[in-house]
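Each chain, written out:
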Amino acid sequence: MVGRRIAGRYGAFTMTHTDNSRRSYAVLALSLAIAAIFIYAGIDKLRDPLQFADSIAAFAILPAVFVNLLAFGLPPFEIASGLLLLGPRTRRVGALAIAVITVMFLVALASALLRGLTLDCGCFGPGAPSRPRMWVELGLDSVLFCGAVYVYLQSMARVSARI
Amino acid sequence: MQTSVTSIGAHDSAPLPFARNLAAQIVRDLGGVAILAVVALAAGLVINRYSSAPLPIVYRTPEQRFDAELTTLVSAPPFKIAPAATIGLDKFRSAVDAKSTLILDARPSSFFEVGHVPGAINLARDDFAHDYRKLSAVLDANRDKPIIVYCSGGDCHDSKLVANALLSLGFSDVTVFTGGWDAWSAAGLPAATGPSR
């Protein structure tokens, strides 16, 4: 949708027509993929808030006062960020929100790995605690972070290009 | 000297406004993210308030929750006892095959329903007092017989908590299968599904 519109508006007049539309398709595909992952992860966490709170507490970062508040707020935040990614106008804020929480996850996971903790990340629903899985989730989080930053920068470039 | 300064200025003039725009845009968008966070927290609090089992605002550890559960069963749980003995997969397997030992699954019921050791009964640490009352007939019949408890495996604490609680409630022979569900399913052993009896 987005790609086609931009291609239609500028395509006939610019040399980089295919390049531009290819890039906007990439942004759209990436946005859809990240949105799907976060909406799924958010809904999954809503199903068992107690389990999710235990996962957060296992990181031993937050004091007990904040653990449940994060367990309440994070699932709606993930779902809302995913939904914002879907709209062309709201995509920028959604991408930045996802960049912010993936950084949060990365810091938490990395600190847990450094402290030698073995825990269930709780990222995509509960599971058995295992260190290999923590590394996989660290890698996945890095990929999601890079994707969100790419979508953010691309969406911004588009806004400034229109002005 | 003069020329070099001008030339640096000329080179910098192109990327600088973009960097400044970028920074300003990020700050503006972070404001949006902050609003999103507040709205999400409010939504989360409302969802929790109207959920079937609302959590308290301040987190309580599994041990604290378990203590609270236990005090609904006995007025003063005699907690400081020696921890339950542990067994490995081979012994656990022969006990399961013999069908003479009561096998208890200490994981939450949602996990139990997806897959559990055949013949096991769900005595969830999460819902201990409720399950304990529900299973009182079966449990009382096994008060002096061997009982084995397991949970997810890895570093899971549920089986140890449940085993120690049973010991403190007067059960005489309670052991923990530390490998848990992970070791059982990793060994390709049969699984049963569905709710506990």
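If you're wondering where the values come from, they're calculated on a predicted model, not measured in any experiment.

Visitor: Describe the overall build of chain A, naming the residues involved and giving the relevant values.
Guide: When helices and strands are tallied, chain A shows six helices and zero strands. Each helix and strand of chain A, ordered N terminal to C terminal, gives the series α-α-α-α-α-α. Taking all 163 residues of chain A together, 45% fall into the buried category. Within chain A, residue pairs in contact and separated by at least 24 positions form 65% of the contacts whose partners lie at least 6 positions apart. Counting every atom, chain A has about 7,800 Å² of accessible surface; 72% of that belongs to carbon and sulfur.

Visitor: If you had to explain the pairing of strand S4 (residues 146-150) of chain B to someone new, which residues and values would you point to?
Guide: Residue and element names in this part refer to chain B. Taken across its five residues, S4 has four buried, putting it largely inside the fold. The pairing of S4 with strand S5 (residues 173-177) spans four bridges and is classified as parallel. Within the sheet, the bridge partner assigned to Pro146 lies in S5 and is Asp173. After leaving S4, the chain enters helix H8 (residues 158-168) and then returns to the sheet as S5, a path that is right-handed.

Visitor: Could you give me a rundown of the pattern of salt bridges, with the residues and numbers involved?
Guide: With the rule as written, the count across this model stands at nine salt bridges over all chains. One salt bridge connects B:Asp29 with A:Arg92, and the closest N-O pair in it is separated by 2.9 Å. Highlighted residues: B:Asp29 in helix H2 (residues 15-49) and A:Arg92 in helix H5 (residues 91-114), drawn from two different chains. The residues B:Asp29 and A:Arg92 share a single accessibility class, namely buried.

Visitor: Just give me the short version of a nonpolar patch on the surface, but keep the residues and values in it.
Guide: On the surface, A:Ile61, A:Leu62, A:Val65, A:Phe66, B:Leu41, B:Leu45, B:Ile57 and B:Val58 cluster together into a nonpolar patch covering about 630 Å² of accessible area. Mapped by element, the contributors of at least two residues to the nonpolar patch are helix H4 (64-86) of chain A together with H2 of chain B. Here B:Ile57 lies in the loop between H2 and helix H3 (62-71). Its relative accessible area of 45% is what places B:Ile57 among the partly exposed residues.

Visitor: Give me helix H3 (residues 49-58) of chain A: which residues, what numbers.
Guide: All of the buried residues along H3(A) are A:Gln51, A:Phe52, A:Ala53, A:Asp54, A:Ser55 and A:Ile56. Of the residues one or two after H3(A), A:Ala60 is the one with positive phi, at around 50°.

Visitor: Outline unusual backbone geometry, supporting the account with residue identities and numerical values.
Guide: All names here are of chain A. Notably, Ala60 is not glycine yet its phi reads approximately 50°, a positive angle. Considering the arrangement of structural elements, one finds Ala60 in the loop between H3 and H4. Taking the relative accessible area as the measure of exposure, Ala60 reaches 53% and is therefore exposed.

Visitor: Talk me through the sheet that holds S5(B); I want residue IDs and the actual numbers.
Guide: Residue and element names in this part refer to chain B. Pairing in this open sheet of five strands is parallel, and the strands run S1-S5-S4-S2-S3 from one edge to the other. The open sheet has two free edges, formed respectively by strand S1 (85-87) and strand S3 (121-122), since each of these has just one partner strand. Alignment of S1 against S5, held across three bridges, turns out to be parallel. Note on S5: the bridge partner recorded for Thr86 is Val176. This element, helix H4 (residues 89-98), spans S1, strand S2 (102-105), S4 and S5 of the sheet and lies at about 120° to S4.

Visitor: If you had to explain the side chain of A:Asp141 to someone new, which residues and values would you point to?
Guide: Residue and element names in this part refer to chain A. On the secondary structure map, Asp141 appears in helix H6 (residues 131-162). Although Asp141 is buried, it forms no salt bridge, and the closest oppositely charged side chain is Lys45 at an N-O distance of 8.5 Å. With residues near it in sequence (within four places) discarded, Asp141 still touches Thr102, Phe105, Leu106 and Leu109.

Visitor: Requested: an account of the interface of chain B and chain A, with residues and values cited.
Guide: How large an interface is tends to be reported as the accessible area lost when its parts come together. Between chain B and chain A, the residue contacts involve 29 residues of the former and 30 residues of the latter. Of the roughly 2,600 Å² buried between chain B and chain A on both sides combined, carbon and sulfur atoms contribute 74%. For chain B, the biggest contributors to the area lost against chain A are B:Leu36, B:Leu55 and B:Tyr59; these three give 26% of the whole. As a salt-bridge pair, B:Arg65 and A:Asp54 come within 2.8 Å of each other at their nearest N and O atoms. Counting the contacts that link chain B with chain A gives six residue pairs in polar contact (both at pLDDT 80 or more). Listed by contribution, the elements that provide at least two residues to the side of chain B that touches chain A are H2 and H3 of chain B. Looking at the side of chain B that touches chain A, the element that brings in the most residues is H2(B), giving 16 residues. The class makeup of the residues in the side of chain B that touches chain A is 19 nonpolar, four polar and six charged.

Here is what the cut-offs are and how they apply
Residues numbered from 1 in each chain as written. Chains lettered and ligands numbered in written order. Predicted model: local features only at pLDDT ≥ 70, side-chain atom pairs only at ≥ 80, totals over all residues. Heavy atoms only, no water. Helix = DSSP H or I, 4+ residues; strand = E, 2+ residues; numbered from the N terminus. Buried < 20%, exposed > 50% of the residue type's maximum accessible area, 1.4 Å probe, protein only. Contact = heavy atoms within 4.5 Å. Areas by Shrake-Rupley, 256 points an atom, 1.4 Å probe, with all protein chains shown as cover. Pairing = 2+ DSSP bridges. Right-handed = clockwise from strand over helix to strand, strands pointing away. Salt bridge = Lys/Arg side-chain N within 4 Å of Asp/Glu carboxyl O. Patch = residues over 30% accessible without salt bridge, like charges linked within 9 Å, V, L, I, M, F, W, Y side chains within 5 Å. Axes fitted to C-alpha atoms, helices over the stretch in contact; angles between N-to-C directions. Lys, Arg positive; Asp, Glu negative; His and termini not counted. Buried area = accessible area lost by both parts, 1.4 Å probe. Polar contact = N/O pair within 3.5 Å; in protein donor to acceptor, adjacent residues only side chain to side chain. Nonpolar A, V, L, I, M, F, W, Y, C, P; charged D, E, K, R; others polar.

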